[in-house]
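Read off the chains here:
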Amino acid sequence: MKQHELKKAYNVNEIPNAFSAKPLDGVNLNKFYVDTIEERTADPYRSPIEDIFDACTTPSDDHIFLLMGHTGCGKSTELNKLAVRFREDGYMVKIVKCLDDLGNNPLYTDLLILVGEALFQIANEIHCTLDSELGRQILEFWNTEIAKNTVEKDEYVIDVGAGIEGSTPSVFEKIFKAFVSIKTGIKLQQADSREYKTKIERRSEHWYNAIAGISDLITEELDGRQPIIVFEDLDKLDRGNPDIVWDMFSVHAVNLCNFTFPVVYTFPISLSYSPKYGTLSGFFIEKILPMIELKHADGSPCPAGFSVIKQIVEDRSDISLIEDQTLRLMIEKTGGSLRDLFTIIRESSIRARRRRSGRIEMEDANAALNALKAALAKRIEIKDYNFLRNIINGNKRNIEDRAILLEMLTGNIVLEYNGNRWQDVHPLVVDFLNEQS
């Protein structure tokens, strides 16, 4: 779906559109992207995104990644920017939008299906020719394990069989049509969806061989450049049930890293603090996109972080629309979280418009900040107070209770910075705890 084009705001009414929380893509990416990597890692030569790019464009066995970062920290925008770079260098990359394509209780076999669909799309787009042997392999698997369980013998299934013998590029498009029914079954959790997923798991070796064959065709067509698959928003599936993503990766790590081409999975940063996480370390390459630093671990200010966030705001709106000290407060109280900052700016602009003001002022920001503070406070209990105060008082690296930390990271109560794994409490939660004293 084509993304709505953002326009720079020149009056208060235009601010909500300009500060949409949706990831930048397409024309919006070209107009509004600001490079924040140095302000996240505190090192101009260290970048998790650059690491992924280098590994995917250099022959290596280390090409299956877990990319972690807080919800709203900018992962999706960075992945969209990364995809542009890949395409500029002649690579084909597909971003799988997990929140759109998966149901409420996804299994790892769903990811296998989506990988296959992405490769078929790429092959069709670059007009690969499907050789008869590989075509028969795919059709045999399809008819044996999927078609009989999810779709009737529609004419497009018959067409697939006819097209394979002719080795025509259109066979990819015909096979791809069948994925529409498969994905509908996944998303709607149809009664037979678990049955065909079990069958796919039982014959997963055949499926891996089929998609490896498609990948090889793509790589040959692109003069040695392998296809690249990115699973976006996979980390967001754990919001209601944190065990969903963990169950997929902990049990099926071998399967999810068994691809011959690069794959990037977004993964919940909170789960990386679980004692069980060590079981994944030998299978995946871990990369973390930290929050933008506004202060260092010792509490001293980080002017570069403040400046880059202010630049993002200036790119999206006439800076005179927000009173200077008000903007400074907004940035400081959202702790480097762009999602939270954009929420505060949007809500403040609505209040300013309703009181017929031509700009956002302190009273508007305070009202929006108080609302967000109340929302964050609902995610913590009295038993968590001492844990959080311990972090506030300086224990920003040696966390004593990782189970509580996991919960606090999931709720964005505690934020992680610098890529060296030091944490701090969200500034608005600090304010809330101070009010409880």
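Residues numbered from 1 in each chain as written. Predicted model: local features only at pLDDT ≥ 70, side-chain atom pairs only at ≥ 80, totals over all residues. Heavy atoms only, no water.

Structural notes on unusual backbone geometry
The phi dihedral of Asp-223 falls on the positive side, at around 55°, and the residue is not glycine. The residue Asp-223 is located in the loop between helix H12 (204–221) and strand E3 (228–232) in this model. Exposure remark for Asp-223: the relative accessible area of 68% places this residue in the exposed category. Phi angles above zero are rare outside glycine, and Asp-233 is one such case at about 70°. For Asp-233, the location among the structural elements is in the loop between E3 and helix H13 (243–256). (Helix = DSSP H or I, 4+ residues; strand = E, 2+ residues; numbered from the N terminus. Buried < 20%, exposed > 50% of the residue type's maximum accessible area, 1.4 Å probe, protein only.)

Looking at helix H17 (residues 362–377)
Under the 1.5 Å per step criterion, the end-to-end length of H17 is 22 Å for 16 residues, consistent within 8% with the ideal 22 Å. Of the positions making up H17, those classed as buried are Asp-364, Ala-365, Ala-368, Leu-369, Leu-372, Lys-373, Leu-376 and Ala-377. Contacts from the buried residues of H17 go to helix H15 (324–333), helix H16 (338–354) and helix H20 (427–436). (Expected span 1.5 Å × (residues − 1). Contact = heavy atoms within 4.5 Å.)

Concerning a negative patch on the surface
On the surface, Asp-216, Glu-220, Glu-221 and Asp-223 cluster together into a patch of negative charge. Note on placement: Glu-221 falls in helix H12. Owing to a relative accessible area of 43%, Glu-221 belongs among the partly exposed residues under this scheme. (Patch = residues over 30% accessible without salt bridge, like charges linked within 9 Å, V, L, I, M, F, W, Y side chains within 5 Å. Areas by Shrake-Rupley, 256 points an atom, 1.4 Å probe, with all protein chains shown as cover. Salt bridge = Lys/Arg side-chain N within 4 Å of Asp/Glu carboxyl O. Lys, Arg positive; Asp, Glu negative; His and termini not counted. Charge placed at Lys NZ, Arg CZ, Asp CG, Glu CD.)

As for the nonpolar core
Membership of the largest hydrophobic core comes to 53 residues, with the highest contact counts inside it found for Phe-231, Leu-234, Phe-249, Phe-259, Tyr-265, Phe-267 and Phe-284. Contributing elements (two or more residues each) for this core: strand E1 (64–68), helix H7 (108–125), helix H8 (132–150), H12, E3, H13 and strand E4 (263–267). With 10 residues, the top contributor of residues to this core is H7. Val-308, Ile-312, Ala-352 and Phe-387 belong to the second largest nonpolar core, which has 51 residues in total. (Core = buried A, V, L, I, M, F, W, Y, C linked by side-chain atoms within 4.5 Å.)

So, the packing of aromatic side chains
Enumeration according to the criterion identifies 13 aromatic pairs in this entry. Between Phe-231 and Tyr-265, the ring centres sit 5.2 Å apart and the planes meet at 10°, which makes this aromatic pair stacked. With Phe-231 in strand E3 and Tyr-265 in strand E4, this pair connects stretches of sequence that are 34 residues apart. Relative accessible area serves as the criterion here: at 0%, Phe-231 is assigned to the buried category. A residue is classified by how much of its surface remains accessible, and Tyr-265, at 0% relative accessible area, is buried. Note on Tyr-417 and Trp-422: the rings are 5.0 Å apart at their centroids and 25° apart in plane angle, and the pair reads as stacked. (Phe/Tyr/Trp six-rings, centres within 6.5 Å; stacked < 30°, edge-to-face > 60°.)

Some details on the side chain of Arg-40
Summarising the element assignment, Arg-40 is placed in helix H3 (residues 37–41). Of the side chains with opposite charge, Glu-78 lies nearest to the buried Arg-40, which makes no salt bridge, at 4.8 Å. One polar contact links the side chain of Arg-40 to the main-chain carbonyl oxygen of Cys-73, over a distance of 2.7 Å. (Polar contact = N/O pair within 3.5 Å; in protein donor to acceptor, adjacent residues only side chain to side chain.)

A closer look at the pairing of E1
The element E1 is largely enclosed, with a buried count of 5 among its 5 residues. On E1, burial covers both faces: Ile-64, Leu-66 and Met-68 on one face and Phe-65 and Leu-67 on the other are all buried. Two elements, E1 and strand E5 (residues 285–288), share 4 bridges in a ladder whose sense is parallel. Pairing of Leu-66 across the sheet is with Glu-286, part of E5. (Pairing = 2+ DSSP bridges.)

A word on the sheet that holds E1
Taken together, the 5 strands give an open sheet; going across it, the order is E2-E3-E4-E1-E5, and neighbouring strands pair in parallel fashion. Edge strands, defined here as strands with exactly one partner in the open sheet, are strand E2 (93–97) and E5. Between one strand and the next, the sheet's axes are offset by a mean angle of 20°, whatever the strand orientation. (Axes fitted to C-alpha atoms, helices over the stretch in contact; angles between N-to-C directions.)

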